[in-house]
Amino acid sequence: MTLVIRVGPARQTWWLEHMTTLLPELDVRLWDDPGPLEAVKYAVVWKPPAGGLKQFPNLEVIHSIGAGIDHILEDPELPAGVPIIRATGDDLTQRMREYVALHVLRFHRNLPALEEAMPLREWRQSVNPPAYERKVGIMGLGNLGADCAKALSVLGFDVAGWSRSEKTIDGVTTFHAPEGLDAFLARTEILVCLLPLTEETRGILNTSLFDRLPKGASIINAARGQHLVDDDLLDALARNQIDGATLDVFHTEPLPAKHPFWEHPKVLVTPHVASLIDPDAGGKRIAANLRRFIAGEDVPDMVDLSRGY
């Protein structure tokens, strides 16, 4: 039984050795050297090429290297009916919690204005409201979103969350479904997007949504670049409807050097670092998931393909 791995070239040898050590019962190979195609039953991948997975006629499961699976679902020739497993773990949750808290606090304490004043040697004191008077909204209440919402609530923020289906989270006001979106947006001063990427959420960060936020709201997108309509954000910033944005994900990565986000004074670009997988811990999680799958046991990280996440 063969397991094929597709990762970036910089770490593919490390991943090969790591997974071979973790799963000695399998023939672990790199994507470009899979051996007999009919022997490949398991694929561990990041951004496989279109049509690439269909070359394995006996493929039983696909495991994403990462919590997102949109990079797999985008394949127009994805083999039908093959289960998909996502990569999760405490380290991913912790990293996202840190990133979201950092950038919510950055907007809350008006750090961009202080950064602007420093090279001018201007002493700009301002009184910020306490956290309990700052309304933060989390779009997407899956594992990462729910954890971030709870963490911000512990910090004292007035936190709300919006999700596709109804959720209950201690200390968090929750809204759900399309009919709950307007009320959620109307009370959100700092908006954090942690939604899964589906056909329903693609392009959701657009002019219509921005105009339903309080004027001067801030945006943090740590989900997927395809959630955001770039030109709509630039327009909202120009109109001061949106006062600032922190963006970790983009339509094209790396973000092209000539993209206007790089030089925009109200945009902070981070290079998709909010919640990178730890290779060592991530590999162990992937190996454990595959062992459960092979043994016919429940896999907690299995994707519900009917929902797309």
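Values in this document were obtained by computation on a predicted structure and should not be read as measured data.

**Concerning the overall build of the chain**
Of regular secondary structure, the chain possesses nine helices and twelve strands. A globule of 309 residues ought to have a C-alpha radius of gyration of about 19 Å, and the chain, at 21 Å, matches this closely. Here the C-alpha coordinates of the chain stretch approximately 65 × 40 × 30 Å along the principal axes. When each of the 309 residues of the chain is scored for burial, the buried share is 48%. Taking the contacts inside the chain whose residues are at least 6 apart along the sequence as the reference set, 60% of them involve residues at least 24 apart. Surface accessibility of the chain: about 15,200 Å² in total, with carbon and sulfur atoms responsible for 53%. Distance from the positive charge centre (31 side chains) to the negative charge centre (42 side chains) of the chain: 3 Å.

**With respect to the sheet that holds strand β12 (residues 267-269)**
With parallel pairing, seven strands are arranged side by side in an open sheet as β8-β7-β6-β9-β10-β11-β12. Taken across any chain shown, the strands that pair with only one partner, and hence form the sheet edges, are β8 (173-176) and β12. Taking each pair of neighbouring strands and ignoring which way they run, the sheet shows an average axis angle of 15°. Across five bridges, the pairing between strand β6 (residues 135-139) and strand β7 (residues 158-163) is parallel. Following the sheet pairing, G137 is matched in β7 by A160. Here helix α5 (residues 143-154) sits on the sheet and contacts β6 and β7; the angle it forms with β6, its principal contact strand, is near 170°. On top of the sheet, helix α8 (residues 230-238) reaches β11 (242-247) and β12; it is set at about 140° to β11, its chief contact.

**So, α8**
Within α8 the residues assigned to the buried category are D230, D232, L233, L234, A236 and L237. Looking at the buried residues of α8, the elements they touch are α7 (207-210), β11 and β12. Two residues or fewer past α8, N240 is found with a positive phi of approximately 65°.

**With respect to the packing of helix α1 (residues 12-22) against helix α9 (residues 279-294)**
The angle between the axes and the distance between the axes are what describe a pair of packed helices. Between α1 and α9, the least distance of the axes is 10 Å, while the angle of their chain directions is 45°. Classified by the interaxial angle, the pair formed by α1 and α9 is oblique. As for the relative orientation of α1 and α9, their crossing is right-handed in sense. Taking contact as the criterion, the partners of W14, W15, H18, M19 and L22 in α1 are, on α9, P279, D280, G283, K284, I286, A287 and R291.

**Considering the packing of aromatic side chains**
With the rule as written, the count across this model stands at four aromatic pairs. Note on W31 and F56: the rings are 5.6 Å apart at their centroids and 90° apart in plane angle, and the pair reads as edge-to-face. Here W31, found in the loop between β2 (27-30) and β3 (40-45), pairs with F56, found in the loop between β3 and β4 (61-64); they are 25 residues apart in sequence, far enough to count as distant. Between the NZ or CZ atom of R6 and the centre of the ring of W31, over which it lies, the distance is 5.9 Å. We note R11 situated over the ring of W14; from NZ or CZ to the ring centre the distance is 4.8 Å.

**Quick notes on the environment of A160**
With respect to the secondary-structure elements, A160 resides in strand β7. According to the relative accessible area criterion, A160 is buried, its value standing at 0%. In the structure, A160 is positioned 101 residues away from L59 in sequence and 41 Å away in space, judged by C-alpha atoms. When neighbours within four sequence positions are excluded, A160 is seen to be in contact with V136, G137, I138, V172, T173, F175, F184 and R187.

**Describing the sheet that holds strand β1 (residues 2-6)**
Pairing between sheet strands relies on hydrogen bonds along the backbone, with the strands arranged either parallel or antiparallel. Reading across the sheet, the five strands line up as β2-β1-β3-β4-β5 and stay open at both edges, with parallel pairing between neighbours. Looking at which strands have only one partner, the edges of the open sheet turn out to be β2 and β5 (84-85). Note that β1 and β3 share five bridges and pair parallel. From the neighbouring strand, V4 faces β3, where its bridge partner is A43.

**Focus: the pattern of salt bridges**
Tallied over the full model, the rule gives 21 salt bridges. Among the ionic pairs, D33 bridges to R29, the shortest N-O distance being 3.6 Å. D33 sits in the partly exposed class, given a relative accessible area of 48%. In this structure, the salt-bridge partner of R95 is D91, at a minimum N-O distance of 2.9 Å. Taken as a pair, R95 and D91 lie in helix α3 (residues 90-108) at a separation of four residues, close to a single helical turn. Each of D27, R29 and D33 takes part in salt bridges that share partners, so that together they form one network.

Criteria and cut-off values
- Residue numbering note: each chain is counted from 1, following its sequence as written.
- In keeping with the model being predicted, local features are shown solely for residues with a pLDDT of at least 70 and side-chain atom pairs are shown and tallied solely at 80 or more, while totals for entire chains, interfaces and linings include all residues.
- The side-chain figures draw on all heavy atoms in the structure; neither hydrogens nor water molecules are used.
- The helix count covers DSSP runs of H or I at least four residues long, the strand count covers runs of E at least two residues long, and both are numbered beginning at the N terminus.
- Radius of gyration here uses only the C-alpha atoms, and the compact-globule reference equals 2.2 Å multiplied by the residue count raised to the power 0.38.
- For every residue, the accessible area obtained with a 1.4 Å probe (protein chains only) is divided by the maximum for its type, and the residue is called buried under 20%, exposed over 50%, and partly exposed between those limits.
- Any two residues whose heavy atoms approach within 4.5 Å at even a single point are treated as in contact.
- Surface accessibility in these figures is a Shrake-Rupley result with a 1.4 Å probe; residues are shielded only by whichever protein chains are displayed.
- The positive count covers Lys and Arg only, the negative count covers Asp and Glu only, and His and the chain ends enter neither.
- Positions of charges follow a simple convention, taking NZ of Lys, CZ of Arg, CG of Asp or CD of Glu.
- Criterion used throughout: strands pair if DSSP finds at least two bridges between them.
- A fitted line through C-alpha atoms represents every axis, and for helices the fit uses only the stretch in contact; the resulting angles, taken between N-to-C directions, go from 0 to 180 degrees.
- Each angle gets one of four labels, with under 35 degrees taken as roughly parallel, over 145 as roughly antiparallel, 65 to 115 as roughly perpendicular, and the rest as oblique.
- By definition, turning the near helix anticlockwise from the far helix through less than a right angle yields a left-handed crossing, and turning it clockwise yields a right-handed one.
- Ring geometry is summarised as follows: Phe, Tyr and Trp rings, the Trp one being its six-membered ring, pair when their centres sit within 6.5 Å, and such pairs are stacked at plane angles under 30 degrees, edge-to-face over 60 and tilted between the two.
- Over a ring means this: the NZ of a Lys or the CZ of an Arg is within 6 Å of the ring centre and within 35 degrees of the ring normal.
- Here, a salt bridge means any side-chain nitrogen of Lys or Arg that lies within 4 Å of a carboxyl oxygen of Asp or Glu.

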